[in-house]
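Topology and contacts: notes
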Amino acid sequence: MFDVIVIGGGVVGGTILRELTKYCLSVCLLEKEGDVSMGQSKANSGIVHAGFDAQEGTLKAKFNVLGNQMMFGYAKELGVKCIQNGSLVVAFSEEEKETLTALKARGERNGVKNLRIVDREELKRLEPNVSDKAVCALYAPTGGIVCPYELTIAAIGNAMDNGAGLFTDFEVEKIVREKDCFRVTSRDGKEVKGKLVINCAGLGTERVARAAGDHSIHIGARKGEYILLDRESGDLVSHTLFFTPTKLGKGILVSQTVDQNIILGPTAEENELTETSAIGLAAVESKAKEMCPSVPLYNAITSFAGVRAYSDRHDFVIEESKEVVGLIHCAGIESPGLTSAPAIAEYVVKELVGAHIALEKNPSFNGHRESDYFFKELSTEEKNEYIKNNPAYGKIVCRCEQVTEGEIVRAIKTNPPARDVDAVKRRTRSGMGRCQGGFCQPHVAEILARELNIPFEEVTKCGKGSNLVTEECK
């Protein structure tokens, strides 16, 4: 029996799992998909928000600012790329300029440091490709960017290295509160027991709560569509550019990613489908051109949609259930949830788990993790030494991203292990370049079949039912 069961393998569940391993506890994570970071944490903007947007006094405001202060050191400890590039909220009218003044004041009340409003001339110096129609901008130098799925994978992998268990393909169907524990049963009959349950299931938090007999959580779904540009266009902007927010949200952004692509989006639509649409992508293109008229849309290499969960309380829900003792909810963790995750994890473990279980520091905890991108950062001499010891590092599999066979094998063997083509992609970037896997996907599949000792026909793109081939090919 586990001390704590975490449900949901996104960034919140992953950072909580890692935080739990800092103490002498037996813990595990249940994820309904075949890999972690498959929901909201797979497809979002990857922005480390400064903290000026959330209304003061909300959990969003509290954990956003705390999470921002933690994030850059947190990511460095886990070997995850995270860049403090700063953000600019751009105004296109005098009325929007007044909104920026109010945003600045709110941010200062929230505790955000060094906010200032820059005029048109300074804005153009900071971002030469921004529209000439821009009037001014709110500059937040503490804003940043991080890869959301890389952070999630690293946090869960580090937790596993420190003793946490991971059960994938475990879709929770029933949670029964027994005398001294919970019995959690999956849709296909698997079962685990634990003293406490932490519900971090994203879009599924309402369903998981109801499975335990708690009807207090109400979740909505909002789809956002994105366009990603090739790294060739990575110098379009250097900061994250936002439009002045409206009642509907922050709107479309134009930003670098930590891998020097340019990301455009998201839209906001009440929908839980992850398909892109002609209307949605046209809206992204239109707003991106409004912000940066020279945006090179001809360099688009992919488009995608992510769905984010929001609560009817219009704030994060982070609390122990009032209906089921020992059931802890982390629900409605929409933006700025990625930024907030490390701070949420610390609070949940110390305050909510600590209210039930005495927390004793784990003397063997090691919070450091080697970067999944370590080989690319090596000098030529260091690379040659690696290749000398392991020739697989001398074989390029993904030409676009220069990913080697050695890195792919490492991803298959490192916690949490990659078990399909997309899982390898999220860990190594093979298939994320201009050709989007057109060249490397068959080679990645061959390596998976070999390393997992399974027939090639059993290799999947993204879990059950996504087999690349159905029978042996000539």
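Up top you'll find the structure we're talking about.
Now for a look at the structure at hand. (Residues numbered from 1 in each chain as written. Predicted model: local features only at pLDDT ≥ 70, side-chain atom pairs only at ≥ 80, totals over all residues. Heavy atoms only, no water.)

Within the chain, the secondary structure is distributed over 13 helices and 22 strands. By the compact-globule yardstick of 23 Å for 474 residues, the chain fits well, its C-alpha radius of gyration being 22 Å. Judged by the C-alpha coordinates and their principal axes, the chain covers about 60 × 60 × 45 Å. Buried residues in the chain amount to 56% of all 474 residues. (Helix = DSSP H or I, 4+ residues; strand = E, 2+ residues; numbered from the N terminus. Rg over C-alpha atoms; globule rule 2.2 N^0.38 Å. Buried < 20%, exposed > 50% of the residue type's maximum accessible area, 1.4 Å probe, protein only.)

Read from one edge to the other, the open sheet built from three strands follows the order 3-8-4, with strand pairing classed as antiparallel. Edge positions in the sheet fall to strand 3 (47-48) and strand 4 (82-83), since each of these pairs with one other strand and no more. Taken together, the two bridges between strand 3 and strand 8 (residues 144-146) define a ladder with antiparallel strand orientation. In the sheet register, Ile 47 faces strand 8, and the bridge partner there is Ile 145. (Pairing = 2+ DSSP bridges.)

Another point: the environment of Gln 260. Within the element layout of this structure, Gln 260 appears in the loop between strand 15 (253-256) and strand 16 (262-265). C-alpha separation for the pair Gln 260 and Asp 230, spaced 30 residues apart in sequence, amounts to 8.3 Å. In contact with Gln 260, not counting residues within four places along its chain, are Ile 83, Arg 231 and Gly 234. At 3.2 Å, the side chain of Gln 260 and the backbone oxygen of Val 258 are in polar contact. (Contact = heavy atoms within 4.5 Å. Polar contact = N/O pair within 3.5 Å; in protein donor to acceptor, adjacent residues only side chain to side chain.)

This part covers the packing of aromatic side chains. Tallied over the full model, the rule gives seven aromatic pairs. Judged by centre distance (5.2 Å) and plane angle (65 degrees), the ring pair of Tyr 386 and Tyr 393 falls under edge-to-face. According to the relative accessible area criterion, Tyr 393 is buried, its value standing at 8%. A cation sits over an aromatic face here: Arg 18 above Tyr 74, 4.9 Å from the ring centre. (Phe/Tyr/Trp six-rings, centres within 6.5 Å; stacked < 30°, edge-to-face > 60°. Lys NZ or Arg CZ within 6 Å of the ring centre and 35° of its normal.)

The biggest cluster of nonpolar side chains holds 48 residues, and the ones touching the most others in it are Ile 16, Leu 20 and Ile 198. If you list the elements that add at least two residues to this core, you get strand 1 (2-7), helix 1 (11-20), strand 2 (27-30), helix 2 (59-77), helix 5 (148-161), strand 12 (191-199), strand 20 (327-331) and helix 8 (337-353). Here Ile 198 is in contact with Val 4, Ile 5, Val 6, Ile 7, Ile 16, Leu 20, Ile 328, Cys 330, Val 348 and Val 353, once residues within four sequence places are set aside. Ranked by size, the runner-up nonpolar core spans 26 residues in total, among them Phe 92, Val 254, Val 284 and Met 291. (Core = buried A, V, L, I, M, F, W, Y, C linked by side-chain atoms within 4.5 Å.)

Counted under the stated rule, the structure contains 41 salt bridges. Glu 150 is paired through a salt bridge with Lys 81; the nearest N and O atoms lie 3.6 Å apart. Within this pair, whereas Glu 150 is found in helix 5, its partner Lys 81 is found in the loop between helix 2 and strand 4, the two being separated by 69 residues in sequence. Overall, the relative accessible area of 3% leaves Glu 150 in the buried class. Classification of Lys 81 as partly exposed rests on a relative accessible area of 21%. (Salt bridge = Lys/Arg side-chain N within 4 Å of Asp/Glu carboxyl O.)

If you check helix 13 (residues 441-452), its first and last C-alpha atoms are 16 Å apart, about what twelve residues at 1.5 Å a residue would give, namely 16 Å. Along helix 13, the positions that sit buried rather than exposed are Val 444, Ala 445, Ile 447, Leu 448 and Ala 449. In the segment just after helix 13, Asn 453 is the residue with positive phi, at about 55 degrees. (Expected span 1.5 Å × (residues − 1).)

Looking at the secondary structure, you find Glu 319 in strand 19 (residues 317-320). Within the structure, Glu 319 has its side chain in polar contact with the side chain of Arg 313 (distance 3.2 Å). Excluding anything up to four places from it in sequence, Glu 319 contacts Arg 313, Leu 327, Ile 328, His 329 and Leu 352.

Time to look at unusual backbone geometry. Of note, the bond from Ser 335 into Pro 336 is cis; its omega dihedral lies within 30 degrees of zero at 10 degrees. Mapped onto the elements, Pro 336 comes out in the loop between strand 20 and helix 8. The omega torsion across Asn 415 and Pro 416 is -15 degrees, close enough to zero to call that bond cis. Checked against the element boundaries, Pro 416 lands in the loop between helix 11 (405-413) and helix 12 (421-428). In this structure, Asn 114 takes a positive phi of about 65 degrees despite not being glycine. One can find Asn 114 in the loop between helix 3 (94-110) and strand 6 (116-119).

Right, let's get into the environment of Thr 168. Mapped onto the elements, Thr 168 comes out in the loop between strand 9 (165-167) and strand 10 (172-177). Separated by 132 residues in the primary sequence, Thr 168 and Val 36 have C-alpha atoms spaced 7.6 Å apart. For Thr 168, the residues in contact, after removing those within four places along its chain, are Glu 31, Glu 33, Gly 34 and Asp 35.

Closest axis-to-axis distance for the helix 11/helix 12 pair is 10 Å, and the angle between their directions is 110 degrees. The orientation of helix 11 relative to helix 12 falls into the category roughly perpendicular. For the pair helix 11 and helix 12, the crossing hand works out as right-handed. Between helix 11 and helix 12, the contacting residues are Glu 407, Ile 408, Ala 411 and Ile 412 on the first element and Val 424, Arg 427 and Thr 428 on the second. For the contact of helix 11 with helix 12, the per-class residue count stands at four nonpolar, one polar and two charged. (Axes fitted to C-alpha atoms, helices over the stretch in contact; angles between N-to-C directions. Parallel < 35°, antiparallel > 145°, perpendicular 65-115°, else oblique. Left-handed = near helix turned anticlockwise from the far one by under 90°. Nonpolar A, V, L, I, M, F, W, Y, C, P; charged D, E, K, R; others polar.)

Every second residue of strand 15 is oriented toward a common face, with Leu 253 and Ser 255 on one face and Val 254 and Gln 256 on the other, all of them buried. For strand 14 (residues 240-243) and strand 15, the ladder comprises two bridges, and the chain directions are antiparallel. Within the sheet, the bridge partner assigned to Phe 242 lies in strand 15 and is Leu 253. With four bridges joining them, strand 15 and strand 16 adopt antiparallel strand pairing. Among the inter-strand pairings, Gln 256 is bridged to a residue of strand 16, identified as Ile 262. Taken together, strand 15 and the strand that follows it, strand 16, pair antiparallel across an intervening segment of five residues, in which Gln 260 is found at a positive phi of about 70 degrees.

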